[in-house]
Structure formats: structure tokens, C-alpha cells
Amino acid sequence: MSSTSSLHQRSLHKPYNLLFQKSSTDGHSKPYSLSMLFNRTTLLLLLTLLIILGVFSPWIGDRSTFFSYSGNSRVSLEAKWRGYTLPEAVAYVAKNGSTVIVCAVSQPYLPFLNNWLISIVRQKHHEKVLVIAEDYATLYTVNGRWPGHAVLIPPAPDAQVAHKFGSQGFFNFTSRRPRHLLQILELGYSVMYNDVDMVWLADPFLYLKGKHDVYFMDDMAAVKPLDHPNVLPPPGKKGRTYICSCMIYMHPTPGAKLVLKKWIEELESQPWSKAKKANDQPAFNWALNKTAGQVDLYLLPQAAFPTGGLYFKNQTWAEETKGKHVIIHNNYILGFEKKIKRFHDYGLWLVDDHASESPLGRLQ
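Residues numbered from 1 in each chain as written. Predicted model: local features only at pLDDT ≥ 70, side-chain atom pairs only at ≥ 80, totals over all residues. Heavy atoms only, no water.

Some words on the environment of Val121
Piece 1. Structurally, the position occupied by Val121 is in helix H6 (residues 110-121).
Piece 2. On the basis of relative accessible area, Val121 is assigned to the buried category, the value being 18%. (Helix = DSSP H or I, 4+ residues; strand = E, 2+ residues; numbered from the N terminus. Buried < 20%, exposed > 50% of the residue type's maximum accessible area, 1.4 Å probe, protein only.)

This is how it looks when you write it as C-alpha cells:
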């Protein structure tokens, strides 16, 4: 942009005190009147411009490239987003339908959020996305670039920490998930939850057939037949199933709410400890197993929704099922850099070359 001085520099025309004197070329001696300078049309245009700037300037995506807000304006916007509630946010992102796509993100995971978003934009479902920010930095970053698409549900967990799988921080981070999902169901919306270390290759909603209560994907790497039944698999060695809590779709039914309430109960009965190092997934599986007779459950096809332990580690299977994959989960591997490298190796790390496709743009 031009400097402030060049934007506001006056052109060298008549000085102000001569504006109301008679013109040397005008045969009339009558001075100019204010009504001639500020007629009704001019005033209407100025008023319209002020209204437009007042209404829309806070909602412009990237504030740094349009307005340089004062400290007071920034504080005001941050206060606005701090007061933004889950019911308001859900109503905003689901304004054209009854489904919300939810993820939960803290600041260290923002690159994965952006990568995931690009893949959703390509399937034209990004306007349904609601980012549940787990720290204020994430809340301000997302809403500063994509207003209304992030909400923080207090209290915020430990901020700006990339929680290691199995740590207490990771447990605290993930154990909030069923409460968030239950709140959305109670508001009357269907909800899809995704971890952000996922990439969409096709439209998953084409596979969410019927009106089942809960849809999910298996986390086991053992190959299933292409026509495997869409029922809860049998329990494994630990007496429970190995369903992934990374991708869940639910309708606002009593059955889905029952699963979430049971999930919350299981988490409360299995708190994190140094000896146990619990995470939310076993509790989710116990909830499914204990409510299976009361809830309509649907196992998604493995070829379309493979676990990372199958897609990335069984190349024969990946080739045989090529063209059938819908959502890829980058699990069965620990560490940010290792996950990014694996996405790179498989052509699934999109943010380097396609950041402009994301509603967040390129994040620094």
C-alpha cells in the first residue's frame, strides 16, 4: 500500500478560503453555497460508504493485508471472539443445512488444520467446518482469517503445547471431545468429527448412507473383504473393539447421544495416570461395546476409510484398492515431522504448494 502521506496529500488547487469566493470566470457574483458542494446525492454516497466500512471491515479475512487495526480495535475483536458461543458458531457454519464438520485444534497443529482444510475445500464442504480452538491463539488466528469458523469452549487446556500421544496433556485435550459433540447433537445438528492429520480424497458424505445413529471406521490394519459387513467388529484381545475415534459421524438421535454419554462416563472412570497413560479411544470403544444392543451402529467400508497402518504400510493392498480411498488417516506413526514427511512422500502434504486454496491462506 502507499504511505499515509501520499494517500492524504492534497492536490494543489484553490486554497480553502477561496472555495466560497466567486469564480473569476463566473459572470454571477453569488458565492458558492454548501448545498452546491454537499448535495443530497453526495451525502447519501458518503453515508453509504461509512455504513459499509463499519459493517464489513471487522469481517475481512486477512486483517494484515487490508487494514492495520489499532490496538483498541484488535482488543475489541478478540473480546468478541472470546464471547462467541458454541450455539452461535454452529448456527453460523450450518446456516445452509443441518450438518457440521468439527475438528479440535491447538496452535501447534495449525499446519495440519490447513492441510486438512485444503482437501475439504476440494470436495466443496468447507463452509460446514467448525474449528474448536483449544487455545486463544488458535481462536484468533482462524477467526482473523476466516471469521466465525472457530470457537473456544472454556476452560481452555494448556495452551500452545504439542501434546505427545499418551501424555496427560494429550488425554486432557482429547477427553473434551465427546462433550463438544454431545453439545452439538443437543442443538439438533448432525456432526462429523475428524482428526486434522487426515486428508479427504473424495466426498465422504456419499458413504454415510441411511439414518444410522453412529458411523465410524476400524483402526485395525488386518485386511477385510471389500464387501465386509457394516457392523461393529468382534472384540479384540483386550475384550473391546479397535474402532478409531478419529472419524465419527452422528445424527442427533437418542442412540448417538447415549454413546456420547457412555463415552464421557468411561473417560471419568479411567482417568489418566503415569502407570496407565490412558487416551480417549479405549473409552470410546467401551462405550460402543456397552451400547451396541441399543444403538444403530454402522462400520464404514475399509477400502474407503483405511487406517494409516493399512494404507501406508500395505502397498499391495493400497494398489489393489486404488481409486476407492476417501479419507486417509496419518496414524500408526508418532511425531509432527514424521507425519509431515510421510504425507510429503505420498503426495498428501498440500500446504506447501496449495495454501491459496485454504480459507486460512498461507500460515507463517
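Some details on the state of the cysteines
Disulfide: a covalent bond formed between the sulfur atoms of two cysteine residues.
Piece 1. Within this structure, the stated rule accounts for one disulfide.
Piece 2. Across the disulfide from Cys244 sits Cys246; the S-S distance is 2.3 Å. One disulfide, between Cys244 and Cys246, carries an S-S torsion of 140° and so falls in the right-handed class. Residues Cys244 and Cys246 agree in their burial class; the two are buried. (Disulfide = S-S within 2.5 Å.)

Regarding unusual backbone geometry
Piece 1. Note that the residue after Pro154, namely Pro155, is joined by a cis bond; omega there is -5°.
Piece 2. The topology assignment puts Pro155 in the loop between strand E3 (150-152) and helix H8 (168-174).
Piece 3. The residue Lys124 is not glycine, and still its phi comes out positive at about 60°.
Piece 4. Residue placement: Lys124 occurs in the loop between H6 and strand E2 (129-133).
Piece 5. Classification of Lys124 by relative accessible area gives exposed; the value is 68%.
Piece 6. Look at Tyr332: it is not a glycine, yet its phi comes out positive at around 60°.
Piece 7. If you trace the backbone, Tyr332 turns up in the loop between strand E9 (327-329) and helix H14 (336-345).
Piece 8. Given a relative accessible area of 38%, Tyr332 falls into the partly exposed group.

A look at helix H7 (residues 136-145)
Along an α-helix, residues three or four apart share an orientation, since each turn contains 3.6 residues.
Piece 1. Within H7, the full set of buried residues consists of Thr138, Leu139, Tyr140, Val142, Asn143 and Gly144.
Piece 2. Residue Asp135 occupies the N-cap position of H7, its side-chain oxygen lying 3.4 Å from the main-chain nitrogen of Ala137. (Polar contact = N/O pair within 3.5 Å; in protein donor to acceptor, adjacent residues only side chain to side chain.)

Remarks on the side chain of Arg240
Piece 1. By the element assignment, Arg240 lies in the loop between strand E6 (214-218) and strand E7 (243-250).
Piece 2. Buried within the structure, Arg240 lacks any salt-bridge partner; Asp219 is the closest side chain of opposite charge, at an N-O distance of 8.5 Å.
Piece 3. If we skip the residues at most four places from it in the chain, Arg240 touches Pro235, Pro282, Asn285, Trp286 and Asn289. (Lys, Arg positive; Asp, Glu negative; His and termini not counted. Salt bridge = Lys/Arg side-chain N within 4 Å of Asp/Glu carboxyl O. Contact = heavy atoms within 4.5 Å.)

What about the pairing of E2?
Every other side chain in a regular strand lies on the same face of the sheet, so the side chains alternate between the two faces.
Piece 1. Buried residues dominate E2, accounting for five of its five residues.
Piece 2. Neither face of E2 is open: one carries Val129, Val131 and Ala133, the other Leu130 and Ile132, and all of them are buried.
Piece 3. Where strand E1 (residues 99-105) and E2 come together, five bridges link them in parallel fashion. Bridge assignment links Ile101 to a residue of E2, and that residue is Val129.
Piece 4. You can see the chain leave E1, run along H6 and come back into E2, and the turn it takes is right-handed.
Piece 5. Pairing of E2 with E3, which is carried by three bridges, proceeds in the parallel orientation. Bridge pairing in E3 places Ala133 opposite Leu152.
Piece 6. Since E2 and E3 lie parallel, the crossover through H7 that links them has a hand, and here it is right-handed. (Pairing = 2+ DSSP bridges. Right-handed = clockwise from strand over helix to strand, strands pointing away.)

Brief notes about the nonpolar core
Piece 1. Core analysis: the biggest nonpolar cluster contains 91 residues, and Leu113, Trp116, Leu130, Val214, Met247, Met250 and Trp263 have the highest contact counts within it.
Piece 2. Once residues within four sequence positions are removed from consideration, Trp263 is found in contact with Arg177, Pro178, Leu181, Ser245, Ile248, Asp280, Ala283, Phe284 and Ala287. (Core = buried A, V, L, I, M, F, W, Y, C linked by side-chain atoms within 4.5 Å.)

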